[in-house]
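Here's the letter readout for the chains.
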Amino acid sequence: MAARPTQSTAPRVLVLEDSEAIRESVVDALADAGYVAGGRVDGSALEDLLDSFRPDLVVLDVMLPGGRDGFELIPVVREHGDAGIVMLTARDALPDRLRGLDSGADDYVIKPFLLDELLSRIAAVLRRRGRMPSAIQVGDLVLDPDAGIATRAGVVLDLSATELRLLGYLAAQRNRTVSKHQILGAVWGYEAYDPNLVEVYVSGLRRKLEAHGPRIVHTVRGLGYTLRPAT
């Protein structure tokens, strides 16, 4: 199993996916977002793996090699802890989706998918299960989305609700570059269409952040924005 360890207090996510490209991209995205992430090509010896890795959530492909499909592995996961389950599959027929949810999955994501959408759904399941730490820390920035408070160098920042959502999204995607379109979808919803909206809010957020320290929200020319701790 490929594992990308981060902070020991971070949620642990196990990805069971037979496509190496998909598996590695999901594991990398999870690790970049601050999770402890591991991947496995199939469900062989899953019981031992669950006991040793102790995941908070399992991303479970339906079509797996090794004789047991994802539907059959749901009760195995349920019998070995309280991990959340997000199904990941190209089988988009309604009976398949209902079977997965009725069998105990928490969510069902259809391929092809956007990594940001999958990360958002994983975070939502972890929050519902009480397995997602409320506070996010990036350097001297501390954000508590549940309390609606962000501090920098110990100073409480005067942020609007939209600025808090924007900062929360950038902090959750720290060290990754996210496009204006991705930010629009995550912060305003995909009905929003004006990329200038992102520029205006990023500019305002920067002013408030940089009043108490060096720049941490950076523009990546032609690609979008990234938040990373000051060095």
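These figures come from a predicted structure and were not determined experimentally.

K.L.:
Looking at this model, I keep getting lost on unusual backbone geometry. Mind explaining?
P.N.:
Keep in mind that most residues, glycine aside, have a negative phi and that most peptide bonds are trans. Put simply, Lys111 and Pro112 share a cis peptide bond, and its omega is -5 degrees. Structurally, Pro112 can be placed in the loop between β6 (107–110) and α5 (115–128). Although it is not a glycine, Ala153 adopts a positive phi angle of roughly 55 degrees. The phi angle at Asn175 is positive, at roughly 70 degrees, despite the residue not being glycine. With respect to the secondary-structure elements, Asn175 resides in the loop between α6 (161–172) and α7 (180–188).

K.L.:
In this structure, what is going on with the side chain of Glu17? I would like to understand it.
P.N.:
As for its placement among the helices and strands, Glu17 is situated in the loop between β2 (12–16) and α1 (20–32). For Glu17, the side chain forms a polar contact with the main-chain nitrogen of Ser19, separated by 2.9 Å. Polar side-chain contacts of Glu17 include one of 2.9 Å to the side chain of Lys111. Excluding residues within four positions of it along the chain, Glu17 makes contact with Ile22, Arg23, Arg40, Val41, Asp61, Leu64, Leu88 and Lys111.

K.L.:
Would you explain the packing of aromatic side chains in this entry?
P.N.:
To describe a pair of aromatic rings, one takes the distance between the centres and the angle between the planes. For the structure shown, the criterion picks out 1 aromatic pair. Residues Trp188 and Tyr201 carry aromatic rings whose centres are separated by 5.3 Å and whose planes lie at 65 degrees to one another, so their mutual orientation is edge-to-face. Of the two residues, Trp188 sits in helix α7 while Tyr201 sits in helix α8 (residues 195–210), which places them 13 residues apart along the sequence. Classification of Trp188 by relative accessible area gives buried; the value is 19%.

K.L.:
What am I meant to see in the environment of Leu166 here?
P.N.:
The residue Leu166 is located in helix α6 in this model. For Leu166, a relative accessible area of 0% corresponds to the buried category. For the pair Leu166 and Asp106, spaced 60 residues apart in the sequence, the C-alpha separation amounts to 26 Å. When near neighbours in sequence (up to four residues on either side) are disregarded, Leu166 contacts Ile183, Val187, Tyr201, Val202 and Leu205.

Definitions and cut-offs
Residues numbered from 1 in each chain as written. Predicted model: local features only at pLDDT ≥ 70, side-chain atom pairs only at ≥ 80, totals over all residues. Heavy atoms only, no water. Helix = DSSP H or I, 4+ residues; strand = E, 2+ residues; numbered from the N terminus. Polar contact = N/O pair within 3.5 Å; in protein donor to acceptor, adjacent residues only side chain to side chain. Contact = heavy atoms within 4.5 Å. Phe/Tyr/Trp six-rings, centres within 6.5 Å; stacked < 30°, edge-to-face > 60°. Buried < 20%, exposed > 50% of the residue type's maximum accessible area, 1.4 Å probe, protein only.

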